[in-house]
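# Close look at the chain arrangement
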Amino acid sequence: FFFFSSRRRHTRFLPVSWARRCVQETGIEKGLTGIFLKPIQGASQGGVGGFLKGTFFGITGLVVKPVTGILDATSKAAEGIKNTTKLLDDRAVIDQKMRKPRVFYVKDQYFLTYNDFDAEVNTILKLYKGGPYANDHYVNAHQIIQSKGVSEFVLVLTIEHLIFMNKQTGKIEWDTSPKNIEKIDLVQDNLVLYLREPARKTDTTNIKIKLPDTQQAKTIYDDVLRLKESMSN
């Protein structure tokens, strides 16, 4: 059985008192009381005729009151279930609104299984002050693990930019166009970019990114190289 709190208009389970409440809510209690009281009241007011009349009304009440009460309880249960469903639906809508927009990748704008990290990084780019990356076509992003296993930076690849972002502050450390990359190299787990022109926010044409291990270094190297080569196709 489902019962309802006056403070919360959705379904609650009250296993301890359900039987007593059931008797009260459905009218069985009133029906049983009426079958004894009605004949007495009838006899005191109309003698034998009143007694018989009271007995009739008492028996009728024993049947009618529980049926009415059950219908009323059923209606309340349905209302409670409806309110519970609405509450869950509302929460689902809130959760959906809190989730960052799905990423559509590269110029083909295809989509993959939803990825929280990509969605967060792409949202930061779209909303970055001044809007320099608002129209970029997202490719992917790599978390750069630095000291003590903490991810401090993110290297973001878009068709239009390579972006080196401080994850803690959201600050862009530097960016450059893939077309500006002359050469890419790996030197002892360091990714080195040789640029034609200095990267924005720097005065150097040689960008070195220290990576935590050979595996991530090779993965990022391959991704940047593919992006660079796609610019010349």
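The residue numbering used here restarts from 1 in each chain and proceeds along that chain's sequence as written. Only residues with pLDDT of 70 or above have their local features reported here, since the model is predicted, and side-chain atom pairs are shown and tallied only from 80 upward, although totals for entire chains, interfaces and linings are computed over all residues. The basis for the side-chain values is all heavy atoms of the structure; hydrogens and waters are excluded.

## Here we look at the packing of aromatic side chains
This is how it is decided: Stacked, edge-to-face and tilted are the three classes for Phe, Tyr and Trp ring pairs, Trp counted by its six-membered ring, which pair at centre distances within 6.5 Å; planes under 30 degrees apart are stacked, over 60 edge-to-face, the rest tilted. Throughout this description, buried means an accessible area under 20% of the type-specific maximum (1.4 Å probe, protein chains only), exposed means over 50%, and partly exposed covers the range between. What counts as a helix is a DSSP run of H or I of at least four residues, what counts as a strand is a run of E of at least two, and both are numbered from the N terminus.
On inspection of all chains with the given rule, the structure shows six aromatic pairs. Taking 5.7 Å as the distance between ring centres and 25 degrees as the angle between the ring planes, the aromatic pair formed by Y105 and Y110 counts as stacked. Here Y105 falls in the buried class, since its relative accessible area comes to 5%. For the pair F164 and W174, a centre-to-centre distance of 5.6 Å together with 15 degrees between the ring planes defines the contact as stacked. Of this pair, F164 sits in strand 5 (residues 162-166) while W174 sits in strand 6 (residues 172-176), and the two are 10 residues apart along the sequence. A residue is classified by how much of its surface remains accessible, and F164, at 10% relative accessible area, is buried. Take W174: its relative accessible area is 6%, and that puts it in the buried class.

## Notes on helix 4 (residues 214-231)
Put simply, the rule reads: Given a helix with a known number of residues, its expected span is that number minus one, times 1.5 Å. What the arc covers is the set of directions going from the helix axis to the C-beta atoms. Throughout, a residue-residue contact means that at least one pair of heavy atoms, one from each residue, lies within 4.5 Å.
With 18 residues, helix 4 should cover 26 Å at 1.5 Å per step; its first-to-last C-alpha distance of 26 Å lies within 8% of that length. Among all positions in helix 4, only Q216, A217, I220, D223, V224 and L227 are buried. The arc that holds every buried residue of helix 4, seen down its axis, measures 135 degrees, which confines them to one face. Across helix 4 from its buried face, at more than 90 degrees, point the exposed residues T214, Q215 and R226. Against the buried residues of helix 4 lie strand 3 (138-145), strand 4 (151-158), strand 5, strand 7 (181-187) and strand 8 (190-195).

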